[in-house]
Amino acid sequence: MNVIRCFIILFISSLTFACSTTPAPVIDRMPHGKSNKSQTAPVVHKAGTDWRPATYIVKKGDTLYSIGLEHGYDYKEIAQANNISAPYIIKIGQTLKFSTLNETPTNADASPAQDNSNGVVTYAIGNDSPQESSVSSPATPPVAVAINEPKALREPYSDEAYKQPLPTAKTITATPSSTSNVAKKPVAEKTTIEPKPEVKTAEPKVESKPKLEPNGQLSWAWPTKGKVVANFNDAGNKGIDISGKMGQAIHAAATGKVIYSGSDLRGYGKLVIIKHSATYLSVYANNSLILVKEGQQVSSGQKIAEMGDTDSNAVKLHFEIRQQGKSVDPMKFLSAD
């Protein structure tokens, strides 16, 4: 008996030890693709390197044209962002907003598609895209059919009536209802469908884009021929001066859009400003004649003005390159030829 008791005690002890050392399996019962963790925090984008402030306070001597040039903006964009109409008068101490000028415009007319849980994409009413609808189209009203023949006649029973043949059935005709106008369907016939002539639509005008070098920088060309008589200087000369003859051709240094054409900036004379990208502007000053208008797209090498001496003591071209409004040395962008 003692042996049996000892055996039973040892057996129970071994079972207890096995249960205490073997961990219970953990089963993940969350649906595939989901997690029991809370949603991660939204990614915070780092601020860009654009030095320009979100607002600007007008100082004495400022004009909307000079503010646009010094900050690399189109003066009309500044006016629109601040509800300033022509002739674009600003006051000392007035605060101008720049924060919306670098935002990418969205297409407000486009209605976004909605992706339902069952994978079916629906669109807002008015789009040409197909949409799923749970409402069926109204059914065509049934056609009222008038049955006139055969008519049943009650006759007394007789041998002669029994021997008479049954009346033949006549064609049943359909009459349109007074409340619906249903057209008769023609008999299907084999018809040849003539192909519709192709209509050629005018292709939209594509604006020319600036030519880029392999490193992503703009491809710059000399705006005119001549000797550089004044070099770039941060303290004094914000560009370079190129000498030449009266009426000599001035060309766009790169492809872009004319954002200013006039003589409203003191010291620049007859001036042309071209915007090449969100970063770069080029400035052509002291001209005798301007050949382009604001909003016009120009290509690299296109003639935009003629050399002169307006607001200058000599015939020359004053040429600047602005990077986010800051003047940079044009010689670093132009080839040595």
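Residues numbered from 1 in each chain as written. Predicted model: local features only at pLDDT ≥ 70, side-chain atom pairs only at ≥ 80, totals over all residues. Heavy atoms only, no water.

Let us now look at the pairing of strand β12 (residues 303-307). The sheet contact formed by strand β7 (residues 249-251) and β12 spans three bridges and is antiparallel. Bridge pairing links H251 to K303 in β12. Bridging between strand β10 (residues 280-290) and β12 involves three bridges; their strand directions are antiparallel. Following the sheet pairing, N287 is matched in β12 by M307. (Pairing = 2+ DSSP bridges. Helix = DSSP H or I, 4+ residues; strand = E, 2+ residues; numbered from the N terminus.)

Among the eight residues in helix α2 (residues 64-71), seven count as buried, and that is most of the element. Here α2 has its buried residues at L64, Y65, S66, I67, G68, L69 and H71. Downstream of α2 by a residue or two, G72 has a phi angle that is positive, lying close to 75°. (Buried < 20%, exposed > 50% of the residue type's maximum accessible area, 1.4 Å probe, protein only.)

Turning our eyes to something else, we now look at the nonpolar core. Grouped together as the largest cluster of nonpolar side chains are 25 residues, with contacts concentrated most on I67, I78, L96, F98, L271 and I273. When contributions to this core are tallied by element, the ones reaching two or more residues are α2, α3 (75-81), β8 (256-262), β9 (270-275) and β10. With sequence-adjacent residues up to four places away left out, F98 is seen in contact with P53, A54, T55, Y56, I67, H71, Y73 and I78. In this structure, A252, Y280, I304 and M307 belong to the second largest nonpolar core, which totals 23 residues. (Core = buried A, V, L, I, M, F, W, Y, C linked by side-chain atoms within 4.5 Å. Contact = heavy atoms within 4.5 Å.)

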